[in-house]
Structure formats: C-alpha cells, structure tokens
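Fold and contact review
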Amino acid sequence: MEKIEANKVFSKIDFQKDIDYNIYPRSIYECPVCRNKLSFNMQNFKKYSLNTQSIFSIEEQKKIEKYIHTGKQKKPNSFIDFYCPKCNVPTRIYFTAWAGGRFTGGYHLEFIIINA
C-alpha cells in the first residue's frame, strides 16, 4: 500500500463548477507504477461524488481502510476506484466534493492509494 499526494500524479487537482466545464479542462493522471496516462474531467468527479460503492474485492477494501486508519489520515468524502489499464494495479482516488456560495461547488483531489 502506498499513499501519494494528488499533485504528484495529476496535472490538475481542483475543479470548480462555475469556472470549468464538465469535460474540459482535463486532468492527466500518470500511474506511478507503469507511467500509463489516463484523462479525468469534472464529469468523472461529479459522477462519483459522495460515492460509497467500490469495485474492489472486500479484502482490497479492508486493506485500504486499515491503511487509512493506521496512518490516521482524514478520509475525504468521495472516491473513485479503478484498476490501471496497463499494469492492473488497484488505485483509489480520494477527493473532496464541496459546495459553496449560491451557484458553485467543486472537487479537490486529495491523494491516491495504490496497492502495488
């Protein structure tokens, strides 16, 4: 298990609804294991905002939860799970979905957990 700050693997870590569009700009994620690149946009984070469902096995989920708990890491309110398409490493992106003002809200990418 390894925790990596989002700004180390993403080209953009903040999205705001009144500034950014659903599909543009994009944030390019570079897998820290194999260097494969994936593209994310605000629509991806909107879809998984306040997510409680995981695609990982129960064992993988328990490992992540234990790692977060033992590191005394504050867990953000949202996450996206995926397997890297090239090296198949289980990856969880933790991000904070926020709302503010009358007409805005957004997403801040916090960190990733990989099970390499």
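Our subject is the structure listed above.
Residues numbered from 1 in each chain as written. Predicted model: local features only at pLDDT ≥ 70, side-chain atom pairs only at ≥ 80, totals over all residues. Heavy atoms only, no water.

**Regarding the environment of T52**
What counts, and what does not: Only DSSP runs of H or I covering at least 4 residues are called helices, and only runs of E covering at least 2 are called strands; the numbering of each starts at the N terminus. We call a residue buried when its accessible area falls under 20% of the maximum for its residue type, exposed when it is over 50%, and partly exposed in between, using a 1.4 Å probe and counting protein chains only.
Position of T52 relative to the elements: it lies in the loop between α2 (42–47) and α3 (58–70). Residue T52 is classed as exposed on the basis of its relative accessible area, which comes to 64%. Separated by 45 residues in sequence, T52 and N7 place their C-alpha atoms 24 Å apart.

**Details of the packing of aromatic side chains**
Rules: Aromatic rings from Phe, Tyr and Trp, with only the six-membered ring used for Trp, were paired whenever their centres fell within 6.5 Å, and each pair was classed as stacked if the ring planes differed by under 30 degrees, edge-to-face if by over 60, and tilted otherwise.
Across all of its chains, the model carries 12 aromatic pairs by this definition. Ring centres of Y94 and F111 lie 5.0 Å apart, and the angle between their planes is 40°; on these two criteria the pair is classed as tilted. One end of the pair, Y94, is in strand β6 (residues 90–100); the other, F111, is in strand β7 (residues 104–114), with 17 residues separating them in the sequence. Among the residues examined, F111 registers a relative accessible area of 2% and is labelled buried. The interplanar angle of 70° and the centroid separation of 6.1 Å between the aromatic rings of F95 and Y107 together place this pair among those described as edge-to-face.

**Overview of a nonpolar patch on the surface**
We count it as follows: Note that patches include only residues with greater than 30% relative accessible area and no salt bridge, and the join distances are 9 Å for like charges and 5 Å for nonpolar side chains (Val, Leu, Ile, Met, Phe, Trp, Tyr). Surface accessibility follows the Shrake-Rupley procedure with a 1.4 Å probe radius. Residue values consider only the protein chains on display as shielding. The term salt bridge refers to a side-chain nitrogen of Lys or Arg lying within 4 Å of a carboxyl oxygen of Asp or Glu.
A surface patch of nonpolar side chains, about 410 Å² in accessible area, is lined by Y21, I23 and Y24. You can see Y21 is positioned in the loop between β2 (14–16) and β3 (27–30). For Y21, a relative accessible area of 61% gives the class exposed.

**Section: the pattern of salt bridges**
The final tally for this structure, using the stated rule, is six salt bridges. E30 is paired through a salt bridge with R35; the nearest N and O atoms lie 3.5 Å apart. The residue E65 makes a salt bridge to R92 at a minimum N-O spacing of 3.7 Å. In this pair, E65 is assigned in helix α3 and R92 in strand β6, connecting sequence segments 27 residues apart. By relative accessible area, which is 2% here, R92 ends up buried. Here the salt bridges do not stand alone but share partners, grouping E65, K75, D81 and R92 into one network.

**Comments concerning the pairing of β6**
Condition: Note: two strands are recorded as paired if DSSP finds a minimum of 2 bridges between them.
As paired elements, strand β5 (residues 78–83) and β6 share six bridges and run antiparallel to each other. Counted as the bridge partner of I80 is I93 from β6. Bridging between β6 and β7 involves 10 bridges; their strand directions are antiparallel. Across the sheet, residue T91 finds its bridge partner in β7, namely I114. Following β6, the chain reverses through three residues before pairing antiparallel with β7; G101 in that reversal takes a positive phi of roughly 65°.

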